[in-house]
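A closer look at the structure
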Amino acid sequence: MWKALGALCVGLFITLLDQSLVAVALPQITEDLGASVNQAVWVSAIYLLTFAVPLLVTGRLGDRFGQRNVYLVGMAVFTLAATACAFAPTIEWLIFARAVQGLGASLLNPQPLSVINRIFPATKRGAAMGVWSAVASSSGLFGPVVGGLLVGWISWRSVFFLYIPFGLLAFILVALWVPKLPTAVSRIDPASAALSLIAVLAIVVTLQQGPELGWPLWLFGVLAAGLVALAVFIWLQHRAQRRGQDALVPPKLFSFNNFRWGAISVSTLGFAVYSMNLPIMLYLQLGAGLSAQAAGLLMLPMAAVSVVSAPLLGRLTDRLPPGRISKFGLTSMMTSMALFAILIATEVPVGWLAIPLVFQGAANAMSWSANSAISMRQLPPELVGAGSGVYNTSRQVGAVVGAAALGAMMQINLQFFEFSVAMGLSLVLHVVVLGIGLFAVSHFRQDLLQKEPAA
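Residues numbered from 1 in each chain as written. Predicted model: local features only at pLDDT ≥ 70, side-chain atom pairs only at ≥ 80, totals over all residues. Heavy atoms only, no water.

1. Examining the overall build of the protein
Short version of the rule: Helix and strand assignments follow DSSP, with helices taken as H or I runs no shorter than four residues and strands as E runs no shorter than two, numbered in order from the N terminus. Here the radius of gyration uses the C-alpha set of atoms, whereas the globule reference equals 2.2 Å times the residue count to the power 0.38. Relative accessibility decides the category of a residue: with a 1.4 Å probe and only protein chains considered, values under 20% of the type maximum give buried, values over 50% give exposed, and everything between is partly exposed. By definition in these notes, contact holds between two residues if any of their heavy atoms fall within 4.5 Å. Computed by Shrake-Rupley with a 1.4 Å probe, the accessible areas treat only the displayed protein chains as cover when residues are assessed. As used throughout, the charge tally considers Lys and Arg to be positive and Asp and Glu to be negative, leaving His and the chain termini uncounted. We put the charge of a Lys on NZ, of an Arg on CZ, of an Asp on CG and of a Glu on CD.
Counting its secondary structure elements, the protein contains 20 helices and zero strands. Relative to the globule expectation of 23 Å for 455 residues, the C-alpha radius of gyration of the protein, 21 Å, shows essentially globular dimensions. Once the C-alpha set of the protein is aligned to its principal axes, its extents read approximately 60 × 50 × 45 Å. Split into buried and exposed, the 455 residues of the protein put 57% on the buried side. Taking the contacts inside the protein whose residues are at least 6 apart along the sequence as the reference set, 84% of them involve residues at least 24 apart. As displayed, the protein has an accessible area near 17300 Å², and 72% of this comes from carbon and sulfur atoms. Both charge centroids of the protein, one from 24 positive and one from 14 negative side chains, sit 16 Å from each other.

2. As for unusual backbone geometry
Its identity is not glycine, yet W215 carries a phi of approximately 55°, on the positive side. Tracing the backbone shows W215 in the loop between helix 10 (190–213) and helix 11 (217–242). Here W215 falls in the partly exposed class, since its relative accessible area comes to 35%. Backbone geometry places E347, a non-glycine residue, at a positive phi of 55°. Judged by relative accessible area, E347 falls into the partly exposed class, the value being 46%.

3. Concerning the side chain of S196
Within the element layout of this structure, S196 appears in helix 10. Residue classification places S196 among the buried positions, given a relative accessible area of 2%. Aside from chain neighbours lying at most four places away, what touches S196 is L56, V57, F233 and L248.

4. Some thoughts on the pattern of salt bridges
Note that side chains of opposite charge can pair when their charged atoms are close. Note the following rule: For this document, the term salt bridge refers to a Lys or Arg side-chain nitrogen within 4 Å of an Asp or Glu carboxyl oxygen.
Going through the model one piece at a time under the given rule, you end up with one salt bridge. For the salt bridge of R157 with D32, the shortest nitrogen-to-oxygen distance reads 3.9 Å. Of this pair, R157 sits in helix 8 (residues 157–161) while D32 sits in helix 1 (residues 2–33), placing them 125 residues apart in sequence. On the accessibility criterion, R157 (22% relative accessible area) is partly exposed.

5. Observations regarding helix 1
Note that an α-helix has 3.6 residues per turn; residues three or four places apart therefore point the same way. Note the threshold: What a helix should span is 1.5 Å times the count of its residues minus one. Two axes enter the definition of the bend at a residue: one is fitted to the seven residues ending there, the other to the seven starting there, and the bend is the angle between them.
Under the 1.5 Å per step criterion, the end-to-end length of helix 1 is 43 Å for 32 residues, consistent within 8% with the ideal 46 Å. Remark: the principal bend of helix 1, roughly 45°, maps to D18. Residue G34 follows helix 1 closely and has a positive phi angle near 60°.

6. Re the packing of helix 17 (residues 354–376) against helix 18 (residues 381–416)
Short version of the rule: To obtain each axis, a line is fitted to C-alpha atoms, and for helices this fit is confined to the stretch in contact; angles are then taken between N-to-C directions over 0 to 180 degrees. If you view the pair so one helix is near and one far, a crossing is left-handed when the near helix is turned anticlockwise from the far one by less than a right angle, and right-handed when it is turned clockwise.
At a minimum axis distance of 11 Å, the contact between helix 17 and helix 18 shows a crossing angle of 145°. For the pair helix 17 and helix 18, the sense of crossing is right-handed. Contacts between helix 17 and helix 18 involve W368, N371, S372, S375 and M376 on the former and, on the latter, V384, G387, S388, Y391 and R395.

7. Points about the side chain of T15
When you line up the elements, T15 lands in helix 1. Beyond its immediate chain neighbours, meaning those up to four positions away, T15 contacts Y47, F51, F78, A105, L108 and N109.

8. Re the environment of W153
For W153, the position within the fold is in helix 7 (residues 122–153). For the pair W153 and G62, spaced 91 residues apart in sequence, the C-alpha to C-alpha distance is 40 Å.

9. Here we look at the packing of aromatic side chains
Here a ring pair, both rings aromatic, is described through the centre-centre distance and the interplanar angle of the planes. We apply this condition: What counts as a ring pair is set by centres within 6.5 Å for rings of Phe, Tyr and Trp (its six-membered ring), and what kind of pair is set by the plane angle: stacked under 30 degrees, edge-to-face over 60, tilted for all other angles. Each ring is checked for a lysine NZ or an arginine CZ that lies within 6 Å of its centre and within 35 degrees of its normal; such an atom marks a charge sitting over the ring.
Counted by the stated rule, this structure contains eight aromatic pairs. Here W215 and F220 contribute two aromatic rings whose centre-to-centre distance is 6.0 Å and whose plane-to-plane angle is 35°, an arrangement assigned as tilted. The exposure class assigned to F220 is partly exposed, which follows from its relative accessible area of 40%. Here the aromatic cluster, defined as three or more aromatic residues joined through ring pairs, consists of F78, W156, F160 and Y163. The ring of F65 carries the charged tip of R64 above its face, separated from the ring centre by 4.7 Å.

10. Regarding the environment of L353
With respect to the helices and strands, the residue L353 is situated in the loop between helix 16 (322–345) and helix 17. Residue class for L353 comes out buried when judged on its relative accessible area of 3%. Considered as a pair, L353 and I280 are 73 residues apart in the sequence and their alpha carbons are 9.7 Å apart. Among all residues touching L353, those that are not within four sequence positions of it are Y283, L284, F340, L343 and I344.

11. As for the nonpolar core
Note the threshold: We call a set of buried residues a nonpolar core when its members are Ala, Val, Leu, Ile, Met, Phe, Trp, Tyr or Cys and they connect through side-chain atoms within 4.5 Å of each other.
Counting residues in each nonpolar core, the largest one holds 121 residues, and the members touching the most others are I29 and L94. Among the elements that line this core, the one with the most residues is helix 1, at 16 residues. Other than its neighbours up to four places away in sequence, L94 contacts I29, L33, V43, C85, A88, W156 and F160. In terms of nonpolar packing, the next biggest core, distinct from the first, is built from five residues, I325, A365, M366 and A370 among them.

12. Here's the deal with the environment of A23
Looking at the element boundaries, A23 is found in helix 1. Accessibility expressed as a relative area gives 36% for A23, which makes it partly exposed. With 323 residues separating them along the chain, A23 and T346 place their C-alpha atoms 28 Å apart.

13. A closer look at a nonpolar patch on the surface
In plain terms, the rule: Patches were defined on residues exceeding 30% relative accessible area and lacking a salt bridge, with like-charge contacts within 9 Å and nonpolar side-chain contacts (Val, Leu, Ile, Met, Phe, Trp, Tyr) within 5 Å.
On the surface, I412, F416, F417, L425, V428 and V432 cluster together to form a nonpolar patch covering roughly 550 Å² of accessible area. Counting residues per element, the ones that place at least two in the nonpolar patch are helix 18 and helix 20 (428–441). The topology assignment puts F416 in helix 18.

As structure tokens, this is what we get:
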């Protein structure tokens, strides 16, 4: 079991690491390939789009064709696309290869969560979720450090070369150690799949590109089309359930109290954790005058605390009510964000930031693993893949919303406050959103946790 989890987490780590790793290389990519600023932005944006948009479908593909098989295909696509990125002669080639790389990441990303819930008994699932959450929550924290060192010492191409050995390693280990599990779905409705892609694509594009484009009227038309597609998609899922067919996202998923509230809370975690680095890194480099490498290294305590403590705290979810740990974790995260806001706004010496950084590392460990354990534990095997797709989509859409909202907040603050105050105050938004997550986890039902899902 543990070998299988380790093998799956190698690929999970590099796909999530990408979201912060490649951003560090964008200035050098722009200069080397003669790209415009807009083209450079799309090097990151296209990956996030092709990663986030298909997650509802790719999670269900694991149920249809087997989580192990879909993971291996995704890992192969991701690694081959990374190789194409490393040798990209033009910016157009790079953007296309990044789109394919994001699709590979989308194929493999939901599968580890599904496999954990199928091969680990309930008494060990919390510890396994702790390992999964350590990988998921810390990957973005290591990105600025690793990216800064690779780009500074070698070149931007080395960022993509890094994926090749790790991708090959993940492919071999998963082929050797992850068992073939029975499939639970006979077919996937193509109309539902198409509508889900249209709906998520329209919503994500609107939120991701709105701040940069200035929210033109046509973009709201795109959003409206996405909402219509979403409404028709929901109708099709209810129709399939009434007819006894396999829905892409079975409405029955949301009859599970803990999954329903867990999907909400993980979206707030995605909102806060994946966007918090932006104002902090901007303050450290532009406000405090640190180099990119020094600013990245300053973030290491947060990543180290999260990686070390997540598996340990995950084991506690097998002994204590995970809802209690989730509440404490989200409260701790709100406290760390408030400390960041105060310390940055008051321009204290950067050494003081070690306090909220360590606090945030521990909060990451408590929040992600407990939330995942309690959200997924009650799902029966035939719903695990769909549940993983919805859960991961909630996280990624939360991250996109967080980036868009934070960008807008920073722009507004800069109109009224000096730079450091504007960066600090923007993190108050995270405190408010995490309050919604805290409200969600307060609805977790502890009496449901001791029951195993029906086989």
